[in-house]
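Listed below are the residues making up each chain.
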Amino acid sequence: MTDCVLGIDLGTSAVKVTAVTKAGNLIAQEQMDFPISQPKPGYAEQDPEDWVSATTVAIVRLILKDQILPEQIIGLSYSGQMHGLVLLDQNNRVLRPAMLWNDTRSTPQREEIMARMGKRFVEITHNQPLEGFTLPKLLWVKENQPEIFKQATTMLLPKDYLRFRMTGKLAIDYSDATGTVMLDVDRQQWSQEILDAFDIPASLCPPLVRSIDETGNIDQWYAEYSGLSTGTKTFAGGADNACGAVGAGIDGPTKVLSSIGTSGVILKYEPKKETNYNGVIQYEDYAIPNTYYSMGVTLAAGYSLNWFKKTFADNEDFTEVVQSAEKSTVGANGLLFAPYIVGERAPYADADIRGSFIGIDGIHRRYDFVRAVLEGIIFSFRDILDLYKEKGSRFDTVVSIGGGAKSPLWQQIQANIFNVKVISLQNEQGPGLGAAMLAAVGIGWYHDISECSKVFVQFKDVFLPEPENVKKYQKLHQIYRKIYPSTKEITHDLVDFRRDTSR
Ligand SMILES: Nc1ncnc2c1ncn2[C@@H]1O[C@H](COP(=O)(O)OP(=O)(O)O)[C@@H](O)[C@H]1O
Ligand SMILES: O=C(CO)[C@@H](O)[C@H](O)COP(=O)(O)O
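Criteria and thresholds
- Residues numbered from 1 in each chain as written.
- Chains lettered and ligands numbered in written order.
- Predicted model: local features only at pLDDT ≥ 70, side-chain atom pairs only at ≥ 80, totals over all residues.
- Heavy atoms only, no water.
- Core = buried A, V, L, I, M, F, W, Y, C linked by side-chain atoms within 4.5 Å.
- Buried < 20%, exposed > 50% of the residue type's maximum accessible area, 1.4 Å probe, protein only.
- Helix = DSSP H or I, 4+ residues; strand = E, 2+ residues; numbered from the N terminus.
- Contact = heavy atoms within 4.5 Å.
- UniProt positions renumbered as here; feature names shortened; annotations may be inferred.
- Patch = residues over 30% accessible without salt bridge, like charges linked within 9 Å, V, L, I, M, F, W, Y side chains within 5 Å.
- Areas by Shrake-Rupley, 256 points an atom, 1.4 Å probe, with all protein chains shown as cover.
- Salt bridge = Lys/Arg side-chain N within 4 Å of Asp/Glu carboxyl O.
- Phe/Tyr/Trp six-rings, centres within 6.5 Å; stacked < 30°, edge-to-face > 60°.
- Axes fitted to C-alpha atoms, helices over the stretch in contact; angles between N-to-C directions.
- Parallel < 35°, antiparallel > 145°, perpendicular 65-115°, else oblique.
- Nonpolar A, V, L, I, M, F, W, Y, C, P; charged D, E, K, R; others polar.
- Near = heavy atom within 4 Å.
- Polar contact = N/O pair within 3.5 Å; in protein donor to acceptor, adjacent residues only side chain to side chain.
- Pairing = 2+ DSSP bridges.

When you look at the nonpolar core in this model, what are you seeing that I'm missing?
Nonpolar side chains in soluble globular proteins generally cluster together in the buried interior. Among the nonpolar cores identified, the biggest contains 132 residues, and Ile8, Met166, Leu228, Ile250, Tyr286, Ile378 and Phe418 are the most heavily contacted of them. Top element by residues in this core is helix α13 (residues 366-390). It accounts for 13 residues. Residues contacting Ile8, with those up to four places away along its chain left out, are Val15, Lys16, Val17, Thr55, Ile59, Leu76, Ser77, Tyr78, Ser79, Leu162, Met166 and Ala435. Ranked by size, the runner-up nonpolar core spans 33 residues in total, among them Tyr43, Val141, Ala152 and Ile194.

Okay, here's the thing in structure tokens:
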């Protein structure tokens, strides 16, 4: 019986639980999906109970199907979808569905924050108060559901709620706390100035801990519910992008992370907390203590592909749909896709922009549309890389993770659009591996993340830019860049005509 740690990756579409030994061997992995509810355009909610049930199913499968013994699991940690707001009452009961990172209903609150605090807000948090972040959501509840706000005694993020249900302990780690935009990044504490400005009781904010800190053992109730042992220690964990970067070995300035999950992310390691991109690019505490990262987020990356598949190829296998894009060409035979189908965050912070296919021709087949979707998402990533390049950053490697990294074609498209070498991991589940690494360091197997990374992080394939295709993509990207300014007004005008899915 070999001891192992679990990395629990609470994503937006599913939870994935990965068991890893001290030697970095992945001995089992289980996944359980859960739904997302979009009752109105711009809304995105989940029932926190679904996270608990799905995680428990995955753990039960590890024990019953994969034959992992509960006593083998000496520690576990968490990676969580970021920014989502979970509100608890005085009995620690959930007050309303969680409002997720891709819920963009809080534009008035975002504007109110900027009107009230302006530049000072960006100085404190190193971020703009975008709709996706937690504070605008909290203010939305305060203004639109005051009876719920009045009952709220604790605010948690998704993985922190899951940890609470498994241990009975309330906590939040610094990487997720930055994503609330209520943390004073320079002082590394909740910002009293922001709390006072919006009349938010400080008692709502849970205690801050580091990602590798111990957060209690599995409690009796959860041990009985799941089959885990009360001897298993939990460690705080981090934001999914922070954990993804840990699991991808991002620990210096020349490697960049590209993640295609439900959202898409281009992420860069930042050694100094003083760096401030004035909110154009997000700035967050990293899961490695006393370091930071910045990132640009494409709201609908894997989500765009999911939408396409659900709408036009529902009963077909995911891999086959993606592979069909090989029948198309670089530039999808003259078809472009802009992935703004739930609004956008970077490089355009615009909750009302919507997506488009440009250049539809009678010659186009479904595989051209698939190709355009894959390419459009990466053009959006390229826009973010260009923001970094404008600031003088230079990279020689992109590490590709997330569900999208299952496709070699998509990784080659990345290498060609970025004109940079792209490498993949042995297991594309970087966030789960990163969470397991936090537990491995927390438990004392390794002195620090860097030591653990040498054993746990294993790369797989290398995709080199193909010069002919790089040239074609450079031209196509210039055309793609015109889509946002050309469609902004048109798609904003269409807002009132969108279906209200609550009816
Ligand atoms: N075989 C595949 N090839 C390419 N992309 C895929 C494949 N299967 C799933 N995906 C993409 O991966 C995304 C899910 O990635 P994942 O990292 O699991 O997301 P999350 O952490 O947000 O739940 C889906 O939205 C889908 O677009
Ligand atoms: O909002 C952000 C980052 O700021 C998202 O990246 C979420 O953290 C969701 O991640 P995935 O489920 O797409 O991995």
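So what exactly am I meant to see when it comes to the UniProt feature "domain: Carbohydrate kinase FGGY N-terminal" (unreviewed entry) in the protein chain here?
Here, the residues flagged by UniProt with the feature "domain: Carbohydrate kinase FGGY N-terminal" (unreviewed entry) are residues 5-247. As annotated, residues 5-247 comprises 36% helix and 24% strand, and the C-alpha atoms at either end are separated by 14 Å.

I would appreciate a short explanation of a nonpolar patch on the surface in the present structure.
Residues Ile490, Leu494 and Phe497 make up a contiguous nonpolar surface patch of about 360 Å² in total accessible area. Looking at where Leu494 falls in the secondary structure, it is placed in the segment after α18 (483-493). Under the relative-accessibility criterion, Leu494 is labelled partly exposed at 45%.

Which parts of the structure should I look at to understand the packing of aromatic side chains?
Overall, the coordinates contain 22 aromatic pairs when judged by the stated rule. Centre to centre, the rings of Trp221 and Tyr222 are 5.9 Å apart; their planes meet at 50°, and the pair counts as tilted. Look at Trp221 and you get partly exposed, because its relative accessible area is 41%. Judged by its relative accessible area of 1%, Tyr222 is buried. An angle of 70° between the planes, with centres 6.0 Å apart, marks the rings of Tyr269 and Tyr286 as edge-to-face.

In this structure, what is going on with the packing of α13 against helix α17 (residues 467-480)? I would like to understand it.
For any two helices packed against each other, one specifies the inter-axial angle together with the distance between the axes. Their axes nearest at 10 Å, the elements α13 and α17 cross at an angle of 85°. With respect to each other, α13 and α17 are oriented roughly perpendicular. Between α13 and α17, the contacting residues are Arg371, Glu375, Gly376, Phe379, Ser380, Arg382, Asp383 and Asp386 on the first element and Tyr473, Leu476, His477 and Tyr480 on the second. Considering only residue class, the contact of α13 with α17 consists of 4 nonpolar, 3 polar and 5 charged.

Before we go on, may I ask you to explain the environment of Gly179 in this structure?
Looking at the secondary structure, you find Gly179 in the loop between α7 (174-178) and β10 (183-184). Given the relative accessible area of 1%, Gly179 is considered buried. For the pair Gly179 and Thr134, spaced 45 residues apart in sequence, the C-alpha separation works out to 7.0 Å. If near-sequence neighbours (up to four positions away) are discounted, Gly179 is found in contact with His83, Phe133, Thr134 and Glu284.

Would you mind going over the pattern of salt bridges with me for this structure?
Two side chains bearing opposite charge may form a pair once their charged atoms approach each other closely. Across all of its chains, the model carries 20 salt bridges by this definition. Measuring nitrogen to oxygen at the nearest pair gives 2.5 Å for the salt bridge that ties Asp160 to Arg163. Of this pair, Asp160 and Arg163 are both found in helix α6 (residues 158-167), 3 residues apart, which corresponds to roughly one turn of the helix. Each member of the pair, Asp160 together with Arg163, is buried. For Glu316, the salt bridge identified is with Arg366, shortest N-O distance 2.8 Å.

So what exactly am I meant to see when it comes to the site of ligand 2 here?
Around ligand 2 sit 15 residues, and of these Thr12, His83, Asp240, Ser263 and Arg345 come closest. Gln282 has a polar side-chain atom sitting 3.0 Å from an oxygen atom of ligand 2. Of all the secondary-structure elements, those providing two or more residues to the shell around ligand 2 are α10 (240-247) and β18 (292-298). Split by residue class, the shell around ligand 2 holds 5 nonpolar, 8 polar and 2 charged.

Please explain the sheet that holds strand β23 (residues 459-463) as it appears in this structure.
Strand pairs in the sheet, formed through backbone hydrogen bonds, run parallel or antiparallel to each other. Here 7 strands make up an open sheet; going across it, the order is β17-β18-β16-β15-β21-β22-β23 and the pairing mixed. Looking at the sheet topology across the chains shown, the edges are occupied by β17 (282-285) and β23. Direction aside, neighbouring strands of the sheet carry axes that sit 30° apart on average. In this sheet, strand β16 (residues 264-270) lies alongside strand β15 (residues 255-260) in antiparallel orientation, the contact comprising 5 bridges. Considered in β16, the bridge of Val256 is made with Lys268. On the sheet, α10 packs against β15, β16, β18, β21 (397-401) and β22 (421-425) and is oriented at approximately 125° with respect to β15.

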